[in-house]
Amino acid sequence: MSTKKRSLWDPGILGPAIGDSLRKLNPVLMVKNPVMFVTEVGAAVTTAAIFFRRSDEPAGFVIQIALWLWFTVIFANFAEAVAEGRGKAQAKALRKSRKQAIARRVLPDGKTESMPADILRKGDVILVIAGELIPSDGEILEGAATVDESAITGESAPVIREAG
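Source: prediction; values computed, not measured.

A. Geometry of the overall build of the protein. Within the protein, the regular secondary structure consists of five helices and five strands. Each helix (α) and strand (β) of the protein, taken in turn from the N terminus, gives the series α-α-α-α-β-β-β-β-α-β. Expressed as a percentage of the 164 residues in the protein, the buried residues total 21%. Considering only contacts within the protein whose residues lie at least 6 apart along the sequence, 35% involve residues at least 24 apart. Carbon together with sulfur atoms contributes 61% to the accessible area of the protein, which is approximately 11700 Å² in total.

Here it is, written out as structure tokens:
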């Protein structure tokens with residue numbers, strides 16, 4: 001199975017991640033991450049201190065602290081959104097490969113026929129040659145081989161499987 005690696009700078013991931021990072025500023029969502037929630041509250045309090053000055057601190061210092069806190073919160077949300085986007089893209093690629101998998105079903109007379117893996121049914125016996133993509137979940141009846149289970153398990157490296 002060959003899959004195209006998605007770049008970290010892929011616009012299909014970064015675009016939605018920017019919007020998601022701003023949507024995640026909602027305190028109801030942010031409270032699920034206590035550290036960033038406290039940082040966000042600190043950023044809000046510091047921002048309010050810019051307008052309602054009650055200290056002798058220079059305004060530039062307070063503004064700088066507020067900006068750094070907001071940058072930290074937004075960047076953390078952005079990094080989380082990028083990770084979610086990459087995970088969703090990988091899951092989509094695996095689902096796509098699952099639909100494209102071809103199985104060689106063994107007929108009662110011993111011959112094989114090629115068919116899409118998504119129409120396999122319980123009880124079907126298939127032939128898989130070493131190194132091939134495993135088209136469906138099942139049990140090994142005989143033999144041992146290094147096989148690619150990525151369409152089923154998401155594991156990217158081939159693994160050794162044997163009967164029993």
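Anyway, onward from the coordinates.
B. Structural context of a nonpolar patch on the surface. Residues Val106, Val125, Leu127, Ile129 and Leu141 make up a contiguous nonpolar surface patch of roughly 410 Å² in combined accessible area. If you trace the backbone, Val106 turns up in strand S1 (residues 102-106). A relative accessible area of 31% means that Val106 is categorised as partly exposed.

C. Spotlight on the side chain of Ser21. With respect to the helices and strands, the residue Ser21 is situated in helix H1 (residues 11-23). At 2.7 Å, the side chain of Ser21 and the backbone oxygen of Ile18 are in polar contact.

D. Region of interest: H1. Between its first and last C-alpha atoms H1 spans 18 Å; for 13 residues at 1.5 Å apiece the expected length is 18 Å, and the two agree. By the burial criterion, the buried members of H1 are Ile13, Leu14, Ala17 and Ser21.

E. Geometry of the sheet that holds strand S3 (residues 126-127). Ordered by their spatial adjacency, three strands build an open sheet running S2-S1-S3, and the pairing between neighbours is antiparallel. The open sheet is flanked by strand S2 (112-116) and S3, the only strands paired with a single partner. Across two bridges, the pairing between S1 and S3 is antiparallel. Along S3, the bridge assignment pairs Arg104 with Leu127.

F. Seen up close, the pattern of salt bridges. Within this structure, the stated rule accounts for five salt bridges. Across the pair Asp20 and Arg23 runs a salt bridge whose closest N-O atoms are separated by 2.6 Å. Taken as a pair, Asp20 and Arg23 lie in helix H1 at a separation of three residues, close to a single helical turn. A salt bridge links Arg105 to Asp124; the shortest N-O distance between them is 3.6 Å. Of the two residues, Arg105 is situated in strand S1 and Asp124 in the loop between S2 and S3; the sequence distance between them amounts to 19 residues.

G. Focus on the environment of Val82. With respect to the helices, strands and loops of the structure, Val82 is situated in helix H4 (residues 59-100). Through-space distance from the C-alpha of Val82 to that of Trp9 is 9.7 Å; in sequence the pair is 73 residues apart.

Reading the values: rules and limits
Residues numbered from 1 in each chain as written. Predicted model: local features only at pLDDT ≥ 70, side-chain atom pairs only at ≥ 80, totals over all residues. Heavy atoms only, no water. Helix = DSSP H or I, 4+ residues; strand = E, 2+ residues; numbered from the N terminus. Buried < 20%, exposed > 50% of the residue type's maximum accessible area, 1.4 Å probe, protein only. Contact = heavy atoms within 4.5 Å. Areas by Shrake-Rupley, 256 points an atom, 1.4 Å probe, with all protein chains shown as cover. Patch = residues over 30% accessible without salt bridge, like charges linked within 9 Å, V, L, I, M, F, W, Y side chains within 5 Å. Salt bridge = Lys/Arg side-chain N within 4 Å of Asp/Glu carboxyl O. Polar contact = N/O pair within 3.5 Å; in protein donor to acceptor, adjacent residues only side chain to side chain. Expected span 1.5 Å × (residues − 1). Pairing = 2+ DSSP bridges.

By themselves these figures say nothing about function.
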